[in-house]
There are 2 protein chains.
Amino acid sequence: MKTSLKQNLAINFQPISQCVRVSFNYDVHFTRGLFKLDNSLLAQAIAADGHSAAKPVVAVIDGGLLQYQDKLLEKLLAYAQRYQDVFTLSSEPIIVPGGETVKNDSRFIEQIHQSINLGGLCRHSYVLAIGGGAVLDMAGYAATTAHRGIRLLRVPTTVLAQNDSGVGVKNGINAFGKKNFLGTFMPPYAVLNDFDFLTTLDDRDWRSGIAEAVKVALIKDRNFFDFIQTYAEKLANRDMDIMERLIYRCSQLHLEHIAGSGDPFEMGSSRPLDFGHWAAHKLEHLTNYSLRHGEAVAIGIALDSTYSYLTGQLLRSHWQQILTTLKILGFALYLPTLTEQLDRPDHPHCLFRGLTEFREHLGGELTITLLQGIGQGIEVHKVDLSLYRQAILMLQDWELSSVLSN
Amino acid sequence: MKTSLKQNLAINFQPISQCVRVSFNYDVHFTRGLFKLDNSLLAQAIAADGHSAAKPVVAVIDGGLLQYQDKLLEKLLAYAQRYQDVFTLSSEPIIVPGGETVKNDSRFIEQIHQSINLGGLCRHSYVLAIGGGAVLDMAGYAATTAHRGIRLLRVPTTVLAQNDSGVGVKNGINAFGKKNFLGTFMPPYAVLNDFDFLTTLDDRDWRSGIAEAVKVALIKDRNFFDFIQTYAEKLANRDMDIMERLIYRCSQLHLEHIAGSGDPFEMGSSRPLDFGHWAAHKLEHLTNYSLRHGEAVAIGIALDSTYSYLTGQLLRSHWQQILTTLKILGFALYLPTLTEQLDRPDHPHCLFRGLTEFREHLGGELTITLLQGIGQGIEVHKVDLSLYRQAILMLQDWELSSVLSN
């Protein structure tokens, strides 16, 4: 018997190759009046798993939002009351500061964890995060680490969060002065985009989010760029109808990319969606986050498009269309920070230092995306800093002449 | 043109259904003398990604190990020196306490994050965690949250870690007095099982890890249970050859389960591998972790097997084989904690309170695994506490009679 057991067990101590496949499914919804009592979308999203008991929910709300939506809390409480058979708020909603501040202090994470603990939430309970990208990032990190992952419902309230960051798979906070130093790749349970939140955005936040749409259009979808170009002035003038269409298409392109990239958790070095972002991240940091992310991205796009033109890959006419569209949308394409310490690429204040930091955060070899045409990104692993210096000076000229012509 | 754009963009604001599929591949290696200079396994695992530059590595070492392996640090440093073209230790190795202590204090996580920051590590760099399950869990949580995931190399040094926790996809620490309240599901980059570490384990740690092998055998593989039963005395007497075969088969069964379960990140309620664990978790807590995890699991297995017998699902002869095998392996199957507050299921000191806590951590409805036969687990969602009380008394009798017969 012993011999047969030995054979059965087939012991040879060869390495065991493990392949773990995980599928995450979630819906991105588009609505208006999310917390109106007759809008059952949120309740339906929670009830969708078929379990009958009312689920505990911890709500996290972007305090910045309450300035413009002063009835939001009452609405949420009334909504919870109306759908009490589906969910209950296990504590008072947690109000946190909006914007990058919330990602710079780990106490907000602890506060959410505490609330999850006190409410006895489990992996089938929910964190409902309502706010801009920074609040969603932070609340998502808290949710995805409690019990190794509580369900995350994102309600993005800015253009940027609705068309980009809020629909993706990243969560995180800053640490050691580094953006997103801590975080997780973990998809949300559902995303609920309520267009009504956009009507009260200030102009900078309205505009800022359009930069990510320009970005994804430039690297993936020429038709979509044509759409933005055609309606640039309407977008600048806050046309809601056009904005809704822009958000829908932009989030769709982001979602398609994440699902189809083959590397949704970014284990390799390729990062095509980060077009224009190496400079943007550095600019945000250098300006102490006085630039909005989208404003920095617009400059990053202008810079990398100009560089793409200088390397001979992008047609002059396309380059001009890109810069003109960004200008009509209302973006500044140059600021003095771009030229600081330009000849000292390792200086912490030099923009080019952003290339090193970008590589370090993503890992592996330097990989940035440039343009071969409108709608056509291409990855490169080496850059010519002298051409980049030239591109920066061209942006300076362009900005100057567009100021003069106004 | 505007009309055709509208058509092309096909705007209708229907929900977008997203499916993100992620594949994680990693190898579990078996070796001896991992840090011997002529053993290139670790260096090969790091070099496997094909990038040429030497990779920075932060090493985290279980301090408990250094009592028995007093040359370990020197060996690691010499190994790093020998393979300096493949990797460099970016800082002094971080020595942390072994055992559950390390999971109760978030400062160790911060220490590792700090070291990752100072060393400029990126997602293509490595955290090398060497130690028992608790240290691997903690270091894994730190690694998988820095930059949203640095590569984790696990070197499990106990039986339990080599055949179970160290080969799986879970990382975590305790918080708010709850085991694994914080954590991530994220597979390691590679696992390197070095059997030589087992020779210096104390008897309790040697034995403790065998409980998980008994567990997985009972629910999945009758042949494997026969193997354990046949060699129980040899295992108790520290036969290395048998132990190596046990570890290989047990880790294989765990890996197969994780890959084949359809729910590796445990988003549903089913948890078949947690046979015997609802009671085990509670017992660890009630005894203030003076019980090893495996010792608690052995009692949990004995209890749930006895209950399975009492419900008429498990043959009496099988039930006896299970208890006898556990006894020969050297496990105690009863301790007075089991009978404390037994008639008050909601009392924090009552074992049955563990059923609620188990459900809360896993989420969804109560799901525990029982036995229909040896090698055949079955999930149930309701239990009969009076039968469980009877099962506890039977264990008490069994333990008493086995003490008397010795």
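Residues numbered from 1 in each chain as written. Chains lettered and ligands numbered in written order. Predicted model: local features only at pLDDT ≥ 70, side-chain atom pairs only at ≥ 80, totals over all residues. Heavy atoms only, no water.

Chain A goes by 3-dehydroquinate synthase in an unreviewed UniProt entry, where it is assigned to Dendronalium phyllosphericum CENA369. Turning to chain A, the UniProt record has this under Cofactor (unreviewed entry): "NAD(+)". (UniProt positions renumbered as here; feature names shortened; annotations may be inferred.)

Undergrad: Could you clarify how one ought to interpret the pairing of strand β2 (residues 55–62) of chain B in this entry?
TA: The two faces of the sheet receive side chains in turn, since in a regular strand these alternate between them. Residue and element names in this part refer to chain B. With respect to burial, β2 is a largely interior element, 8 of its 8 residues being buried. By the alternation rule, side chains of β2 split into K55, V57, A59 and I61 and P56, V58, V60 and D62, which are all buried. Pairing analysis gives 3 bridges linking β2 to strand β3 (residues 87–89), with the strands arranged parallel. From the neighbouring strand, K55 faces β3, where its bridge partner is F87. Of the pairings in the sheet, the one linking β2 to strand β5 (residues 126–131) comprises 5 bridges and is parallel in character. Bridged to V58 within β5 is V127. Alignment of β2 against strand β4 (residues 94–96), held across 3 bridges, turns out to be parallel. The partner of I61 across the bridge, within β4, is I95. (Buried < 20%, exposed > 50% of the residue type's maximum accessible area, 1.4 Å probe, protein only. Helix = DSSP H or I, 4+ residues; strand = E, 2+ residues; numbered from the N terminus. Pairing = 2+ DSSP bridges.)

Undergrad: Can you help me understand unusual backbone geometry in this one?
TA: Glycine aside, the phi torsion of most residues is negative, and most peptide linkages are trans. All names here are of chain A. Not every positive phi belongs to a glycine, and N180 is a case in point at roughly 55°. By the element assignment, N180 lies in strand β8 (residues 178–185). In this structure, Q341 is a non-glycine residue whose phi angle is positive, near 50°. Tracing the chain through its elements places Q341 in the loop between α15 (316–329) and α16 (353–362). We classify Q341 as partly exposed; its relative accessible area is 29%.

Undergrad: Honestly, the relation of the copies chain A and chain B in this entry has me stumped. Any pointers?
TA: Here the second copy of the chain follows from the first by a rotation about an axis and a shift along it. Superposition of chain A onto chain B requires a rotation of 180° combined with a translation of 0.0 Å along the rotation axis, giving an RMSD of 0.1 Å. Within this description, the copies of the chain are treated as partners about a two-fold rotation axis. Of the C-alpha atoms belonging to chain A, the one lying closest to the rotation axis is found on A:V22, 2.7 Å away. Of the residues that chain A buries at the interface, 99% are likewise interface residues in chain B, meaning the two copies contact each other through the same surface. (Least-squares fit on C-alpha atoms with pLDDT ≥ 70 in both. Contact = heavy atoms within 4.5 Å.)

Undergrad: What am I meant to see in the side chain of A:T158 here?
TA: Counting through the fold element by element, A:T158 comes out in the loop between β6 (151–156) and α7 (159–163). Those residues in contact with A:T158 that lie beyond four places of it in its chain are A:G132, A:G133, A:L198 and A:L201.

Undergrad: Even after reading the chapter, I still don't get the domain arrangement of chain A, so can you show me in this structure?
TA: How large an interface is tends to be reported as the accessible area lost when its parts come together. All names here are of chain A. Each domain of chain A was delimited in the assignment, giving domain 1 (27–200) and domain 2 (203–404). When each unit is reduced to the centre of its C-alpha atoms, the spacing between domain 1 and domain 2 is 28 Å. Opposite the 23 residues of domain 1 that make contact, domain 2 presents 29 residues. When domain 1 packs against domain 2, the two sides together hide about 2200 Å² of surface, and 68% of this comes from carbon and sulfur. For K179, the salt bridge is made with E284, and the minimal N-O distance between the two is 3.6 Å. Seen at the junction of domain 1 and domain 2, the total is 5 residue pairs in polar contact (both at pLDDT 80 or more). Listed by contribution, the elements that provide at least two residues to the side of domain 1 that touches domain 2 are β1 (16–31), α7 and β8. (Domains from an automatic or database assignment. Buried area = accessible area lost by both parts, 1.4 Å probe. Salt bridge = Lys/Arg side-chain N within 4 Å of Asp/Glu carboxyl O. Polar contact = N/O pair within 3.5 Å; in protein donor to acceptor, adjacent residues only side chain to side chain.)

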